[in-house]
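# What the coordinates show
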Amino acid sequence: MKSLIGLIVFAVSLSAGMTTLTYAADEMIAPGPQSFKGDLLKIEGEFYTVHDTAGHEVRVHVDKTTKLDGSFKTGEKVEVQVTDKGHAFDIKHLNVASRGMAALGPQTVKGNVLKIEGEFYTVHDITGKEFRLHVDKTTKLGAAIKTGDKVEAQVTDKSHALSMKLLNSTM
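Nothing here was measured: the structure is a model prediction, and the numbers come from that model. (Residues numbered from 1 in each chain as written. Predicted model: local features only at pLDDT ≥ 70, side-chain atom pairs only at ≥ 80, totals over all residues. Heavy atoms only, no water.)

## Here's the deal with the side chain of Thr122
Note the cut-off: Numbering goes from the N terminus for both helices and strands, where a helix is a DSSP run of H or I of at least four residues and a strand is a run of E of at least two. Every residue pair with non-hydrogen atoms within 4.5 Å of one another is taken to be in contact.
By the secondary structure assignment, Thr122 is in strand E8 (residues 120-125). Discounting chain neighbours no more than four positions away, the residues touching Thr122 are Asn112, Val113, Leu114, Lys115, Glu130, Phe131 and Arg132.

## Re the pattern of salt bridges
Under the convention used in this document: By definition, a salt bridge exists where a carboxyl oxygen of Asp or Glu is found within 4 Å of a side-chain nitrogen of Lys or Arg. Summary of the burial criterion: residues with accessible area below 20% of their type's maximum are buried, those above 50% are exposed, and those between are partly exposed, where the area comes from a 1.4 Å probe applied to protein chains only.
Applying the stated criterion to the full structure yields six salt bridges. When the shortest N-O distance is used, the salt bridge between Lys77 and Asp39 registers 2.9 Å. Residue Lys77 is found in strand E5 (residues 77-82), and its partner Asp39 is found in strand E1 (residues 34-44); the two are separated by 38 residues along the sequence. On the basis of relative accessibility, which here comes to 18%, the residue Asp39 falls in the buried class. Of the charged contacts in the structure, one is a salt bridge between Arg132 and Asp39, with a shortest N-O distance of 3.8 Å. Of this pair, Arg132 sits in strand E9 (residues 130-134) while Asp39 sits in strand E1, and the two are 93 residues apart along the sequence.

## A word on the sheet that holds strand E11 (residues 150-155)
Applied cut-off: The pairing criterion for strands is at least two bridges between them, as found by DSSP.
Pairing within the open sheet is mixed, and its six strands lie in the order E9-E8-E7-E11-E12-E10. Of all strands in the sheet, those bounded by a partner on one side alone are E9 and strand E10 (140-141). Across two bridges, E10 lies against strand E12 (residues 161-166) in parallel orientation. Pairing of Lys140 across the sheet is with Ser163, part of E12.

Encoded structure:
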């Protein structure tokens with residue numbers, strides 16, 4: 001009889017311990033797909049590396065099942081929806097149009113140049129918005145532009161600066 005009671009106590013203890021472990025494991029599982037935004041750093045075959053807004057480099061898998069918003073190149077701002085296994089199932093461009101500007105023809109952006117990273121100029125406008133503009137050899141520049149300058153740019157809905165000039169007056 002003592003051995004039967006001991007066996008029952010052991011079984012109850014074991015099942016209480018398993019219940020606690022199962023509950024703890026359920027809390028650690030991420031709840032489905034996640035989304036993040038950042039700069040596309042690298043494209044290596046089926047893997048994209050994105051520098052997210054938290055400062056991390058995130059490597060995601062991209063294949064024919066991934067819904068892509070057009071073609072992508074390094075340096076572009078993107079929004080990625082990814083599974084808990086690291087597979088990107090949706091990638092979208094983050095551009096001037098997605099920040100509240102109409103996508104009908106070139107738009108004007110006026111503001112201060114916060115930083116210049118290669119062909120990308122970050123401009124802070126008077127409303128507090130930041131725009132990351134692509135400036136390349138096709139962009140008509142009125143003068144040499146540096147960080148801190150006040151500028152006015154004509155920008156496409158894909159964040160490409162068609163022209164950019166210095167502004168002398170304060171905004």
